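As a plain string of letters, each chain reads:
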Amino acid sequence: MEAVDREKEYFGGVNSANIFVKRGGEMENKDLVEKVYSEIHDSEIVDLARRMIAIPSPNFGEGEIADFMFKKMEALGMETTMMEVEHPTEAKMTRQPIGRLRGTGGGPVLMFNGHMDVNVTMPGWTVDPNEGRFEDGWIWGLGAQDDKGGMAAAFVAIQAIVRSGVKLKGDLLYCPVATHKLGGTGTRTMLKKGVTADYCINIEHAANTVGSVIVGSVRVKIRTSSPGLFFRFTDEARNAYWNPVEQQAVCMAAVGSSLEPVPEGGWLTFKRHPELQDFPMIRYDAIHKDHYGRWCDLVFQIRTVPGMTLESVRRDVENLIKKLKKDHPTLDCEITIPANGPDDPFFMDPTELPRSHPLVSAIADGVELATGKPANVGSVERIGNFGDGNVLHAAGIPSVQFGPGNIKLYPEWPAPDERVHIDELLVTSRTCAYAAIALCGPNISSRGIR
């Protein structure tokens, strides 16, 4: 089904007199925003999203879509480089294109970051997951909302700025990264190679809410051990023996239950965050013991809240185990935090930006302009989730997670029949364009645009 421009239908309720960029409460640059918006067409968003979905891009299999996006970015006039990304533990490589739209100078750099890799194909799909089907306003396929649809919308926003002739002072970075599903490895590689910015919109499925408060994650590994003991044993050997699985049962009882809020005043040190009432939260990920093995590994993660750090979690776990050893002298365990060592890609710091932060304000104003309704700001649809924005924020780049796609459409995630609606994509695209103008600043003279 061919896309038909529907801007008037969807945005017809927005009074053009309300189109502005806030500067200290003043209404400025209305004409420039309107000029850029006139170059955003849903038919182009749909076309690009469908073409991206049609290119399979599993984790560490992003080469073909990286090449496709490289050509699109280069054709738009971006300074584009292809960056190799190395697997952190295996001998294999992938690649990702990084594009920069140069400003006229003197303004901040805004990054659009989102991932090209997609979830595994869950059973139960009723449409071809790589067709990019478009019907009744919905685009279907792997990555439709996570993150190919949103990245298509962001690209069309940058394209609209270029076509409109509006010149920004600051640069725009467009970073469709690889291997997000492996703990943000593509984004971590980008940072190691010197790519930086003053602000980042991390495109993630958030139902176009503004994710300014995001949980973190620390994975903990506890290894319990015991002397070898089977069926024949002395009383002395029996007294020194404690099955490592049973030791883990005691550890788990002390840590608490999965998917329940950890109570304040317990073994974890934190202050309850008003946006994250159900966190911190424990989730047990894995437990393993060989049949004749003398040790047993338990891996669990703690979804952390702002104020909690890697060091505070490590201290809390050590204190918990110390207390357990006092009560159970034969407890024999070793702790590794993060679970995979110091370079564990799955460790994420929590993030928080105030509502008054320029990045948060710019995105929230853009959403309100695009929808005619106040933006939802805070943890909202990203509650319990984290993304590459956590990695960027920890590196000193203020980041907000924002984008189309409502995860509540599905009973669990990942899910079959992933889809996103064009109305959502239009809101995303207009919001991204608005934020770019608001943050990076158009270059204005008395004679107009230059």
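None of the values given here were measured: they were computed from a predicted structure.

Turning to the packing of helix α8 (residues 244-255) against helix α9 (residues 310-327), a few remarks are in order. Remark: α8 packs on α9, axes separated minimally by 11 Å, with the N-to-C direction vectors making an angle of 125 degrees. As the angle between them shows, α8 and α9 are arranged oblique. Judged by the twist between their axes, the crossing of α8 over α9 is right-handed. Between α8, through Val250, Cys251, Ala254 and Val255, and α9, the contact on the second element is made entirely by Leu320, Ile321 and Leu324. Of the residues contributing to the contact of α8 with α9, the split by class is seven nonpolar, no polar and no charged.

Quick look at the side chain of Thr80 now. Note on placement: Thr80 falls in strand β3 (residues 79-86). Judged by relative accessible area, Thr80 falls into the buried class, the value being 14%. Engagement of the side chain of Thr80 in a polar contact is seen with the backbone oxygen of Met78, the distance being 3.2 Å. In this view, Thr80 contacts Phe70, Met73, Glu74, Pro97, Ile98 and Gly99; residues no more than four positions away in its chain are not counted.

Here the focus is the nonpolar core. In terms of nonpolar packing, the biggest core is built from 69 residues, with Leu110, Phe112, Leu172, Tyr174, Ile201, Leu359 and Ile363 touching the most fellow members. Looking at this core, the element that brings in the most residues is helix α12 (residues 422-440), giving 12 residues. When sequence neighbours within four positions are dropped, the list of residues in contact with Ile201 reads Leu110, Met111, Phe112, Asn113, Leu359, Ile363, Val400, Phe402 and Ala435. Residues Val220, Met281, Ile302 and Ile321 belong to the second largest nonpolar core, which totals 35 residues.

Tallied over the full model, the rule gives three aromatic pairs. On the basis of an interplanar angle of 50 degrees and a centroid distance of 5.1 Å, the ring pair of Tyr410 and Trp413 is categorised as tilted. The exposure class of Tyr410 is buried, given its relative accessible area of 9%. The ring centre of Trp295 lies 3.7 Å from the NZ or CZ of Arg223, which sits over that ring. Residue placement shows Arg419 over the ring face of Trp138; its charged tip is 5.9 Å from the ring centre.

Let us now look at the sheet that holds strand β15 (residues 333-336). Reading across from one edge, β13-β14-β12-β15 is the order of the four strands in this open sheet, with antiparallel pairing throughout. Edge strands, defined here as strands with exactly one partner in the open sheet, are β13 (281-288) and β15. Here the strands of the sheet are splayed against their neighbours by 20 degrees on average, with no regard to which way each runs. Looking at chain direction, β13 and strand β14 (residues 295-304) are connected through seven bridges and run antiparallel. Bridged to Met281 within β14 is Arg303. Docked against the sheet, α9 engages β12 (216-225), β14 and β15, running at close to 175 degrees with respect to β15.

Cut-off values and rules
- Starting from 1, residues in each chain are numbered consecutively following that chain's sequence as written.
- Residues qualify for local features only when their pLDDT is at least 70, as the model is predicted, and side-chain atom pairs are given and counted only at 80 or more; totals for whole chains, interfaces and linings, by contrast, use all residues.
- Side-chain numbers come from the whole structure's heavy atoms, not from hydrogens or water.
- The convention used is that axes are lines fitted to C-alpha atoms, helices contributing only their stretch in contact, and that angles between N-to-C directions extend from 0 to 180 degrees.
- Secondary structure elements follow DSSP: runs of H or I of four or more residues count as helices, runs of E of two or more count as strands, with numbering from the N terminus.
- Here roughly perpendicular refers to angles of 65 to 115 degrees, roughly parallel to angles under 35, roughly antiparallel to angles over 145, and oblique to all remaining angles.
- Helix crossings get a hand from a simple test, with the near helix turned counterclockwise from the far one by less than a right angle marking a left-handed crossing and a clockwise turn marking a right-handed one.
- Pairs of residues are marked as contacts when any of their non-hydrogen atoms sit within 4.5 Å.
- Ten residues, namely Ala, Val, Leu, Ile, Met, Phe, Trp, Tyr, Cys and Pro, are considered nonpolar, four, namely Asp, Glu, Lys and Arg, are considered charged, and the remaining ones, Gly among them, are considered polar.
- Burial classification: accessible surface area is computed with a 1.4 Å probe over protein chains only, and a residue below 20% of its type maximum counts as buried, one above 50% as exposed, and the rest as partly exposed.
- Between N or O atoms, a polar contact is any pair within 3.5 Å; within protein, one atom must be a potential hydrogen donor and the other a potential acceptor, and residues adjacent in sequence are included only when both atoms are from side chains.
- Working definition of a nonpolar core: buried Ala, Val, Leu, Ile, Met, Phe, Trp, Tyr and Cys residues. They are joined through side-chain atoms within 4.5 Å.
- Under the pairing criterion, centres of Phe, Tyr and Trp rings, with the six-membered ring standing for Trp, must be within 6.5 Å; the plane angle then separates stacked pairs below 30 degrees from edge-to-face pairs above 60, leaving the rest tilted.
- By definition, being over a ring means that NZ of Lys or CZ of Arg is both within 6 Å of the ring centre and within 35 degrees of the ring normal.
- A pair of strands is treated as paired once DSSP finds two or more bridges between them.

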